[in-house]
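Results of the structural survey
Okay, here's what each chain looks like letter by letter:
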Amino acid sequence: MDPLSATFAALADPTRRAILARLAKGETSVTELAQPFEMSLPAVTKHLKVLERAGLITRSRAAQWRPCRLEPAPLKTANDWLEHYRQFWEGSFDRLEDYLADLQGQPRPKRTRKVAPPKKARTGEKT
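Computed from a predicted structure; not experimentally measured. (Residues numbered from 1 in each chain as written. Predicted model: local features only at pLDDT ≥ 70, side-chain atom pairs only at ≥ 80, totals over all residues. Heavy atoms only, no water.)

Moving on to the overall build of the protein chain. Per the secondary structure count, the protein chain includes 5 helices and 3 strands. The order of α-helices and β-strands along the protein chain, N terminus first, is α-α-β-α-α-β-β-α. Relative to its full complement of 127 residues, the protein chain shows a buried share of 28%. Look at the contacts in the protein chain between residues 6 or more apart in sequence, and 52% of them connect residues 24 or more apart. Accessible area for the protein chain stands at about 8900 Å²; split by element, carbon and sulfur atoms hold 57% of it. (Helix = DSSP H or I, 4+ residues; strand = E, 2+ residues; numbered from the N terminus. Buried < 20%, exposed > 50% of the residue type's maximum accessible area, 1.4 Å probe, protein only. Contact = heavy atoms within 4.5 Å. Areas by Shrake-Rupley, 256 points an atom, 1.4 Å probe, with all protein chains shown as cover.)

This is the structure we're talking about:
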């Protein structure tokens, strides 16, 4: 599985997203990560393994403590990929807004943000 697909697959589960949200506040142990969930420690560990395989977290060992740490690089890659589509939809909505204003004989709305043309997706997709 490619890294972007692994990231999105890991993010598909609400428990894993909650774990990442907790780790965004700082590293913590597996036991502390498991506390808010109504599941066994082995079940939480399975979620952690999915996150680790996707490169979203790292786990280390310090004596008896096994801290987990968020690794933000895969999230940035996913965000960069999604940014292309955000720009596409913003541009589409802006054009629709302009079209509706023309139909109603109103002046076109002023934009508070600069609309950039959509960038090509980095995964080799054609747009």
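Time to look at the pairing of strand β3 (residues 67-70). The side chains of a regular strand alternate between both faces of the sheet. Pairing of strand β1 (residues 28-29) with β3, which is carried by 2 bridges, proceeds in the antiparallel orientation. Pairing of T28 across the sheet is with C68, part of β3. With 3 bridges joining them, strand β2 (residues 57-59) and β3 adopt antiparallel strand pairing. Following the sheet pairing, T58 is matched in β3 by R69. (Pairing = 2+ DSSP bridges.)

For the rest of this paragraph, the subject is the confidence of the model for the protein chain. Averaged over every residue, the pLDDT of the protein chain is 86; residues scoring 70 or more account for 88%. Below a pLDDT of 50 lies the segment residues 121-127, which in the model reaches 12 contacts outside its immediate sequence neighbourhood of four places, other chains included. (pLDDT = per-residue confidence, 0-100.)

Turning our eyes to something else, we now look at a nonpolar patch on the surface. A surface patch of nonpolar side chains, amounting to about 750 Å² of accessible area, comprises F88, W89, F93, L96, Y99, L100 and L103. Relative to the assigned elements, F93 resides in helix α5 (residues 73-103). On the basis of relative accessible area, F93 is assigned to the exposed category, the value being 52%. (Patch = residues over 30% accessible without salt bridge, like charges linked within 9 Å, V, L, I, M, F, W, Y side chains within 5 Å. Salt bridge = Lys/Arg side-chain N within 4 Å of Asp/Glu carboxyl O.)

Right, let's talk about the nonpolar core for a bit. Of all hydrophobic cores here, the largest spans 17 residues; its most connected members are I19, L48, L51 and L56. Broken down by secondary-structure element, the contributors of at least two residues to this core are α1 (3-11), α2 (14-23), α3 (30-34) and α4 (41-53). Ignoring anything within four residues of it in the chain, the contact list for L51 reads A10, R16, I19, L20, L56 and I57. (Core = buried A, V, L, I, M, F, W, Y, C linked by side-chain atoms within 4.5 Å.)

It is worth spelling out the sheet that holds β3 at this point. Strand order in this open sheet of 3 strands is β1-β3-β2, and the pairing throughout is antiparallel. A single partner strand is all that each edge strand has here, and the edge strands are β1 and β2. Across the sheet, α4 touches β2 and β3, and the angle it forms with β2 is around 120 degrees. (Axes fitted to C-alpha atoms, helices over the stretch in contact; angles between N-to-C directions.)

On to the pattern of salt bridges. Under the criterion given, the structure shown has 5 salt bridges. Between R69 and E27 there is a salt bridge, and its shortest N-O distance comes to 2.4 Å. Of the two residues, R69 is situated in strand β3 and E27 in the loop between α2 and β1; the sequence distance between them amounts to 42 residues. Under the relative-accessibility criterion, R69 is labelled partly exposed at 40%. The exposure class assigned to E27 is partly exposed, which follows from its relative accessible area of 34%. Where salt bridges share partners, they join E83, R86 and E90 into one cluster.

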